[in-house]
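Per-entry structural report
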Amino acid sequence: MRLEQVLFSQGFGTRHECRGLISLGRVTFDGELIDDPDAEVVPEGKVFTVDGNQWPYFEKALIALHKPAGYECSQKPSFHPSVMTLLPAPLRVRGMQPIGRLDEDTTGLLLFTDDGALQHRLIHPKRHVAKVYEVTCKHPVNQQTCDKLLAGVRLVDESVDVKAQACELTGPSSIRMTITTGKYHQVKRMLAAAGNRVDALHRSAFGKFVMPQELRVGQWMWLNGRQDVLG
Ligand code: URA
């Protein structure tokens, strides 16, 4: 692959801009400065730098973001900035998209990819990928609350009950709940159907991937090579 194509595929601008970056000596590949945009390289498993910043090459990328409150997942946000603004430009330019959505006031684990097949696999309802939420409730909760959510509750405007796959008490007014479907505002609506109300919502895991403590609010990390843990 030509070095120009490598940069282009990783989101560093138009082909013309990528050629410019390379010609100006701003790019190293596998530890070597290369100023010929047409130089042939084998990018898999290699790291390049642009202006000293390191980038591993991935044909398709997968990342995890610790979403702060106050950001919208929608492409055209109406009232708050988009989660896309939390990603560096090359990730936006290469077309990373959130895998599913979190509400503006929900915090925690949000995955992004530019791999359409992976995106489809992870949000497909038939796959039943588990999502774990730490739920802070307005009113006290007890085992009966969990039992209700596990048995299934009827959401407004739905014709069948939805069940939590797992539910445990984590405090006098907090629970950890796992769901395998992704209906609109599902956790908030389930708690409302169980006679309570969500005060704060945080996603702590997706599939078998538990968000690491070191990933601070607003930060992101590569998840390439870890697709297996997602489900
Ligand atoms: N369920 C909700 O109600 N909101 C979210 O952000 C995610 C799941």
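Fair warning: this is a prediction, and the values are worked out from it, not measured in the lab.

**Quick notes on helix H5 (residues 143–151)**
Among all positions of H5, only Thr145, Cys146 and Leu149 are buried. Buried residues of H5 fall within an arc of 95 degrees about the axis and therefore sit on the same side. Exposed residues lying more than 90 degrees from the buried face of H5 are Gln144 and Ala151. Contacts from the buried residues of H5 go to strand E9 (153–154), strand E10 (161–162), strand E11 (166–171), strand E12 (174–179) and helix H6 (186–193). Regarding H5, its N-cap is asparagine 142, as a side-chain oxygen of that residue lies 3.0 Å from the backbone nitrogen of glutamine 144 further along. One or two steps after H5, the chain reaches glycine 152, where phi turns positive at roughly 115 degrees.

**Things to note about the domain arrangement of the protein**
Under the domain assignment used here, the protein contains domain 1 (3–56), domain 2 (62–125 + 208–230) and domain 3 (130–206). Each of domain 1 and domain 3 has a C-alpha centre, and these two points are 47 Å apart.

**Comments concerning the pattern of salt bridges**
Evaluated as defined, the whole model comprises 14 salt bridges. Salt-bridge contacts for arginine 2 lead to glutamate 4; the nearest nitrogen and oxygen are separated by 3.2 Å. Since its relative accessible area comes to 4%, glutamate 4 is described here as buried. Lysine 188 serves as the salt-bridge partner of aspartate 105, at 2.8 Å between the closest nitrogen and oxygen. Pair noted here: aspartate 105 is in the loop between strand E6 (97–98) and strand E7 (107–113) and lysine 188 is in helix H6, with a separation of 83 residues, a long-range link.

**Section: the sheet that holds strand E3 (residues 47–50)**
Spatially, E2-E1-E3-E4 is the arrangement adopted by the four strands of the open sheet, whose pairing is antiparallel. The open sheet has two free edges, formed respectively by strand E2 (32–33) and strand E4 (53–56), since each of these has just one partner strand. Across three bridges, strand E1 (residues 27–29) lies against E3 in antiparallel orientation. Residue phenylalanine 29 lies in a different strand from E3, and its bridge partner there is phenylalanine 48.

Rules of the game
Residues numbered from 1 in each chain as written. Predicted model: local features only at pLDDT ≥ 70, side-chain atom pairs only at ≥ 80, totals over all residues. Heavy atoms only, no water. Buried < 20%, exposed > 50% of the residue type's maximum accessible area, 1.4 Å probe, protein only. Helix = DSSP H or I, 4+ residues; strand = E, 2+ residues; numbered from the N terminus. Arc of directions from axis to C-beta. Contact = heavy atoms within 4.5 Å. Polar contact = N/O pair within 3.5 Å; in protein donor to acceptor, adjacent residues only side chain to side chain. Domains from an automatic or database assignment. Salt bridge = Lys/Arg side-chain N within 4 Å of Asp/Glu carboxyl O. Pairing = 2+ DSSP bridges.

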